[in-house]
Amino acid sequence: MRAMLAPPRTDASATLNAGNPLALVRWLYAVAALIVIMVIVGGITRLTESGLSITEWKPVSGTLPPLTAADWERELELYRSTTEYQTVNRGMSMADFQFIYFWEWVHRLLGRVIGLAFAIPLAWYAWKRMIPSGYGWRLVALLALGSLQGAVGWWMVQSGLVGRTDVSHYRLAVHLCLALFILGGLIWTARDLSALAVEPGRRAVAMRWPVTLVLVVLFLQLLWGAFTAGLNAGFAFSSWPLMGNEFFPSATPMTAPWALNLVDNPIVVQFIHRWWAFVAAGAMIWLGVKAMRAGERQAGILLHLLIVTQIILGIATLLTGVDLWVAVAHQGVGALLVAAAAWCAHGTSLADARHEARLAA
């Protein structure tokens, strides 16, 4: 993360080519909003068990859904070859198949839309020389990460087609965390460009180590959230704060080596996710306070509101037995939390950079 967000060089050419920062800021926020929607649709796709309904990856021709009865029958026949169909959904009606196909198709279509919404304006801004010096490489890096995300999505789907009834929770975690990393990178870059618009010649902000530590704490919570989703660990216990009648169920079956329980055992994974949340909440509260002191009052307040909302939704997800819309809201707020944390982290780091500049002057 530090490498991607490190400040570009500043020289005479950077001063001469100021570009059009505010136009790029609006564009990056729009793409970030699409990614939040993508995360929400991805949550619906996972919770409705729709992710394995499309068994082929066709980047161009797959843009259109089946248009004829024969096309639909072919898609269903391909799905019938999957282990999920043969084990869980044998005899599924065409109407039920079309329902799960719809959500996976929307998820993939939205991925294509995001790719175009980033690549086409990027090419236009580059052609018009509207990109400030030092930012072109970072925008290209974000585009490359977006392309990688498409490949990771298909890599994830492939893991569940044969021999499993769901995708690998490791690959799901990579897919989700990469999406959130891209989201954070977009927000950070947009804030860099906003600062540049106010202070021409302003260097891009390097992330300070306390902020990096806070974001690592958040990343671990997101990672175990992905493991929880991929293992369906939310169904292990639907009570809170106790798991059943105990803080940690003493009868939990453990595997060897013991360390694998941290990532493979649904009960242990749920336990980690439900309690590390409060460590992450403390870190986010600290970051929000720092951001408000740095002049990012609205971002800090938003971060605090989101972390409270997220904890409430997490508990509600457990107590409702992973109700679809509660769980989807939990995932969507998680994406907004990443965006707000990136905003606050940037504001805090920018204030530190200004303070250091004043001391050096």
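What you are looking at is a predicted structure, and each value in this text was computed from that prediction instead of being measured.

Reading guide: rules and limits
Residues numbered from 1 in each chain as written. Predicted model: local features only at pLDDT ≥ 70, side-chain atom pairs only at ≥ 80, totals over all residues. Heavy atoms only, no water. Helix = DSSP H or I, 4+ residues; strand = E, 2+ residues; numbered from the N terminus. Rg over C-alpha atoms; globule rule 2.2 N^0.38 Å. Buried < 20%, exposed > 50% of the residue type's maximum accessible area, 1.4 Å probe, protein only. Contact = heavy atoms within 4.5 Å. Areas by Shrake-Rupley, 256 points an atom, 1.4 Å probe, with all protein chains shown as cover. Lys, Arg positive; Asp, Glu negative; His and termini not counted. Charge placed at Lys NZ, Arg CZ, Asp CG, Glu CD. Expected span 1.5 Å × (residues − 1). Axes fitted to C-alpha atoms, helices over the stretch in contact; angles between N-to-C directions. Parallel < 35°, antiparallel > 145°, perpendicular 65-115°, else oblique. Nonpolar A, V, L, I, M, F, W, Y, C, P; charged D, E, K, R; others polar.

Points about the overall build of the protein chain
Piece 1. Secondary structure summary: the protein chain contains 13 helices and zero strands in total.
Piece 2. Its C-alpha radius of gyration of 22 Å places the protein chain within 12% of the 21 Å reference for a compact globule of 361 residues.
Piece 3. For the protein chain, the spread of C-alpha atoms along the three principal axes comes to 70 × 55 × 35 Å.
Piece 4. The proportion of buried residues among the 361 residues of the protein chain is 48%.
Piece 5. Long-range contacts, defined here as pairs at least 24 residues apart, represent 79% of the contacts in the protein chain between residues at least 6 apart.
Piece 6. Accessible area for the protein chain stands at about 17,200 Å²; split by element, carbon and sulfur atoms hold 69% of it.
Piece 7. Positive and negative side-chain charges in the protein chain, numbering 25 and 19 respectively, have mean positions lying 13 Å apart.

Topic: unusual backbone geometry
If a residue is not glycine, its phi is most likely negative; likewise, a peptide bond is most likely trans.
Piece 1. In the segment running from Trp240 into Pro241, the intervening peptide bond is cis, with an omega of 5 degrees.
Piece 2. Residue Ala256 is joined to Pro257 through a cis peptide bond whose omega torsion reads -5 degrees.
Piece 3. Along the chain, Pro257 turns up in the loop between α9 (209-230) and α10 (261-264).
Piece 4. With a phi angle near 55 degrees, Glu49 is a residue other than glycine that sits in the positive phi range.
Piece 5. One can find Glu49 in the loop between α3 (21-47) and α4 (69-80).
Piece 6. Glu49 gets classed as partly exposed once you look at its relative accessible area, which sits at 36%.
Piece 7. Phi is positive for Asn232, which is not a glycine, with a value near 55 degrees.
Piece 8. When you line up the elements, Asn232 lands in the loop between α9 and α10.

Let's talk about α3
Piece 1. With 27 residues, α3 should reach 39 Å at 1.5 Å per residue; the first-to-last C-alpha distance of 39 Å fits that figure.
Piece 2. With its phi angle positive at about 55 degrees, Glu49 sits one or two positions after the end of α3.

Points about the packing of α9 against helix α13 (residues 324-360)
Piece 1. Here α9 crosses α13 at 170 degrees, and the two axes come no closer than 10 Å. Comparing the axis directions of α9 and α13 gives the class roughly antiparallel. Taken together, the residues of α13 that come into contact with α9 (itself represented by Val211, Leu215, Leu218 and Leu222) are Leu337, Val338, Ala341, Ala345, Thr348 and Ser349.
Piece 2. In terms of residue class, the contact of α9 with α13 is built from eight nonpolar, two polar and no charged.

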